[in-house]
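Summary of the model geometry
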Amino acid sequence: MKFLLDMARRHDIELHFKRLTDSVRGYSLPERTIVIDLDLSEERMNWTFCHELAHLLQGHGKPDGPVTAQHEREAHDQAQDLLLPPETFHPDAHQLFLTELKERYPQASWEVIALTRVRHRPGVLTIFDNNKRTVRTAPQPLLYPSKLHPLEQAVRQTLNANNPTAHQNGDDLQVEGVFIDEGRGVERIILIADSDHE
Ligand SMILES: [Zn+2]
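Bear in mind that the values here come from a model prediction, so they are computed numbers and not experimental data.

Conventions we followed
Residues numbered from 1 in each chain as written. Predicted model: local features only at pLDDT ≥ 70, side-chain atom pairs only at ≥ 80, totals over all residues. Domains from an automatic or database assignment. Contact = placed C-beta atoms within 7 Å. Helix = DSSP H or I, 4+ residues; strand = E, 2+ residues; numbered from the N terminus. Nonpolar A, V, L, I, M, F, W, Y, C, P; charged D, E, K, R; others polar. Pairing = 2+ DSSP bridges. Axes fitted to C-alpha atoms, helices over the stretch in contact; angles between N-to-C directions. Parallel < 35°, antiparallel > 145°, perpendicular 65-115°, else oblique. Left-handed = near helix turned anticlockwise from the far one by under 90°. Buried ≥ 20, exposed ≤ 12 C-beta atoms within 10 Å, placed from the backbone.

**What about the domain arrangement of the protein?**
It is common to give the size of an interface as the accessible area that goes away when the parts come together. When cut into domains, the protein gives domain 1 (2-83) and domain 2 (86-194). Listed as interface residues are seven residues of domain 1 and, on the opposing side, seven residues of domain 2. Broken down by secondary-structure element, the contributors of at least two residues to the side of domain 1 that touches domain 2 are α2 (42-57) and α3 (69-83). Its residues assigned to classes, the side of domain 1 that touches domain 2 comprises three nonpolar, two polar and two charged.

The following block contains the structure:
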């Protein structure tokens, strides 16, 4: 909770926790007030807070205007920067493995760390939840095949609860992966492939 309280203080935000309905995780009010669903995990609270803070900082929906899809994209990008400050996260993304990033930035979820990691250091991010592929993405203009590269397959196959991290280098590709089971009934595998040279 420290991250959340520090951020609220630093940005002069009044923070409220409420039990919200299923689809609403949080919202912001014009008078620098942000309301967060109290049933969220701490990582999700942090993300939701940063997303709503981004809307406030950018003046979205003021005074009574609509919040557009463009606003949502802008809030999403700025939320990443509020949660994972680029001045430290950018160099770290080039030097550290995913597990090291997660240790250094415990305020963010694995998914947000992985998504932000490929934004700062272009790579192809793939996520499997219970063996079902739920994400395969890369920042533009990086092109990538929809099918996994053999090296990605190889790393994926070594990952399990007993061997939760793996890293392999190929000729012009490196792949790292993590296996995550946070006890919510989902076994998640995250793979990032990128070219070896910077
Ligand atoms: Zn939003």
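Let's pick the thread back up.
**Details of the sheet that holds strand β8 (residues 187-194)**
Strands sit in the order β5-β4-β8-β7-β6 across an open sheet of five strands; the sheet is antiparallel. Looking at the sheet topology across the chains shown, the edges are occupied by β5 (132-137) and β6 (165-169). Sheet twist, expressed as the mean angle between neighbouring strand axes with direction ignored, is 15°. Pairing of strand β4 (residues 124-129) with β5 involves five bridges; the strand directions are antiparallel. Across the sheet, the residue bridging to F128 is R133, located in β5. Sitting on the sheet, helix α6 (residues 110-120) touches β4, β7 (174-181) and β8, and the angle it makes with β8 is about 10°.

**Quick notes on the packing of helix α1 (residues 2-10) against α2**
Running from N to C, α1 and α2 cross one another at 20°; their axes reach a closest spacing of 9 Å. In terms of axis orientation, α1 runs roughly parallel to α2. Judged by the sense of rotation from one axis to the other, the crossing of α1 with α2 is left-handed. Here F3, L4 and M7 of α1 come into contact with α2, specifically with M45, N46 and F49. Of the residues contributing to the contact of α1 with α2, the split by class is five nonpolar, one polar and no charged.

**A look at unusual backbone geometry**
Look at the link from Q140 to P141: it is a cis peptide, with omega at 5°. Tracing the backbone shows P141 in the loop between β5 and α7 (150-158). Its identity as a non-glycine residue notwithstanding, R32 has a phi of 50°, on the positive side. The residue R32 is located in the loop between β2 (26-29) and β3 (33-37) in this model. Since 14 C-beta atoms lie within 10 Å of it, R32 is described here as partly exposed. Positive phi, normally seen in glycine, also occurs at N130, with a value near 45°. Structurally, the position occupied by N130 is in the loop between β4 and β5.

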